[in-house]
Amino acid sequence: MELQKRLGGVNIYLVGMMGAGKTTTGRILAQRLGYGFVDTDAVITEFRQRPIREIFAQEGEPAFRELEQQVLAQVSSYHHLVVATGGGIVLNPMNWSYLRHGIVVWLHVPLAVLCQRLRQDQERPLLQEQPLEERLSELLQARQYLYAQADLELRITAADTPETVCDRLWETLPSILKPIEPC
Ligand SMILES: Nc1ncnc2c1ncn2[C@@H]1O[C@H](COP(=O)(O)OP(=O)(O)O)[C@@H](O)[C@H]1O
Ligand SMILES: O=C(O)C1=C[C@@H](OP(=O)(O)O)[C@@H](O)[C@H](O)C1
Ligand SMILES: [Mg+2]
């Protein structure tokens, strides 16, 4: 209860590479906090009534990024939410003005672990053409400095389950919150 009180309803935005576990961990964290859960990709999919890979193929990445920004803008007007973002949300500087309404947490997962998790993936359009490791490495290089602008970086290992990631977040979040005012 203490953590919820100290958060005061502020949203938590999970950022990081594809496969970092934003969607999986976000859902569990929201449940533990008694927060709502929003996945920006799921909102876009629902709105367009088709999967992300089809939106990319038929409308192009810029159209997807525009939708992503609109969804984030709307979501940021609510509170008591854990928001699992798409890995590319950090690319648009305007998105940061929305992310900054809340606490931004970077789920920092080593490349080798991402590769392992995404080996069979057929849903992420940005991973379908090049060899997986090469592509992820290229994307990480281009984005790492943006993820590093998060309020909190959580370094995750291959041994971390979604539950232990939540445990570690629970323990670490207080360190970036304002100290409790004495009564
Ligand atoms: N901590 C974890 N340990 C093992 N597998 C995980 C973990 N977190 C996520 N996964 C798996 O990795 C894949 C990608 O997870 P997902 O939550 O979709 O990541 P993201 O939303 O960041 O792209 C899924 O198959 C998911 O079950
Ligand atoms: O990194 C990216 O540019 C993307 C990440 C995906 O979400 P996840 O990070 O949840 O996989 C999804 O938004 C889209 O395929 C683009
Ligand atoms: Mg996701």
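About the thresholds
- Residues numbered from 1 in each chain as written.
- Chains lettered and ligands numbered in written order.
- Predicted model: local features only at pLDDT ≥ 70, side-chain atom pairs only at ≥ 80, totals over all residues.
- Near = placed C-beta within 6 Å.
- Nonpolar A, V, L, I, M, F, W, Y, C, P; charged D, E, K, R; others polar.
- Helix = DSSP H or I, 4+ residues; strand = E, 2+ residues; numbered from the N terminus.
- Expected span 1.5 Å × (residues − 1).
- Buried ≥ 20, exposed ≤ 12 C-beta atoms within 10 Å, placed from the backbone.
- Arc of directions from axis to C-beta.
- Contact = placed C-beta atoms within 7 Å.
- Axes fitted to C-alpha atoms, helices over the stretch in contact; angles between N-to-C directions.
- Parallel < 35°, antiparallel > 145°, perpendicular 65-115°, else oblique.
- Left-handed = near helix turned anticlockwise from the far one by under 90°.
- UniProt positions renumbered as here; feature names shortened; annotations may be inferred.

The next point concerns the site of ligand 2. Around ligand 2, the structure places Met 18, Lys 22, Thr 23, Asp 41, Ile 52, Gly 86, Gly 87, Gly 88, Arg 124, Pro 125 and Leu 126. Across the shell around ligand 2, the residue classes tally to four nonpolar, four polar and three charged.

Taken together, 15 residues form the shell around ligand 1, and within it Gly 21, Lys 22, Thr 23, Thr 24 and Arg 117 come nearest. Of all the secondary-structure elements, those providing two or more residues to the shell around ligand 1 are helix H2 (22–33) and helix H9 (162–172). Among the elements that line the shell around ligand 1, the one with the most residues is H2, at four residues. Considered class by class, the residues forming the shell around ligand 1 number five nonpolar, seven polar and three charged.

Our next topic: H2. Its twelve residues give H2 an end-to-end C-alpha distance of 16 Å, which sits within 8% of 16 Å, the value for a rise of 1.5 Å per residue. By the burial criterion, the buried members of H2 are Lys 22, Thr 25, Gly 26, Leu 29, Ala 30 and Leu 33. Take H2 and look down its axis: the buried residues cluster within an arc of 135°, on one side only. Looking at the packing, one finds that the buried side of H2 touches helix H1 (2–7), strand S1 (12–15), strand S2 (36–39), strand S3 (81–84), strand S4 (103–108) and H9. At the C-terminal side of H2, Gly 34 shows a positive phi close to 75°.

Moving on to the packing of H2 against H9. With their axes 9 Å apart at the nearest point, H2 and H9 run at an angle of 55° to one another. Relative to H9, H2 is oriented oblique. The two elements H2 and H9 cross, and the hand of that crossing is right-handed. Across from Thr 24, Thr 25, Ile 28, Leu 29 and Arg 32 in H2, the residues of H9 making contact are Pro 162, Glu 163, Val 165, Cys 166 and Leu 169. Residue composition of the contact of H2 with H9, grouped by class: six nonpolar, two polar and two charged.

A word on unusual backbone geometry. A positive phi is found at Gln 49, a non-glycine position, where the angle reads about 55°. Locating Gln 49 in the fold gives a position in the loop between helix H3 (40–48) and helix H4 (52–59). Non-glycine residue His 80 carries a positive phi angle of around 55°. Looking at the element boundaries, His 80 is found in the loop between helix H5 (61–75) and S3.

A separate point is the UniProt feature "binding site: ATP" (unreviewed entry) in the protein. Here, the residues flagged by UniProt with the feature "binding site: ATP" (unreviewed entry) are Gly 19, Ala 20, Gly 21, Lys 22, Thr 23, Thr 24 and Arg 124. On the secondary structure map, Gly 21 appears in the loop between S1 and H2. Given 23 C-beta atoms within a 10 Å radius, Gly 21 is considered buried. Excluding anything up to four places from it in sequence, Gly 21 contacts Leu 107, Val 109, Pro 162 and Val 165. With respect to the helices, strands and loops of the structure, Lys 22 is situated in helix H2. Once residues lying within four places of it in the same chain are set aside, the contact partners of Lys 22 are Leu 14, Gly 16, Ala 84, Thr 85 and Leu 107.

With that settled, the discussion passes to the UniProt feature "binding site: substrate" (unreviewed entry) in the protein. If you check UniProt for "binding site: substrate" (unreviewed entry), the listed places come out as Asp 41, Arg 65, Gly 87 and Arg 143 in our numbering. Looking at where Asp 41 falls in the secondary structure, it is placed in helix H3. Sequence-distant contacts of Asp 41, that is, excluding residues within four places in its chain, are made with Ile 52 and Gly 86. Mapped onto the elements, Arg 65 comes out in helix H5.

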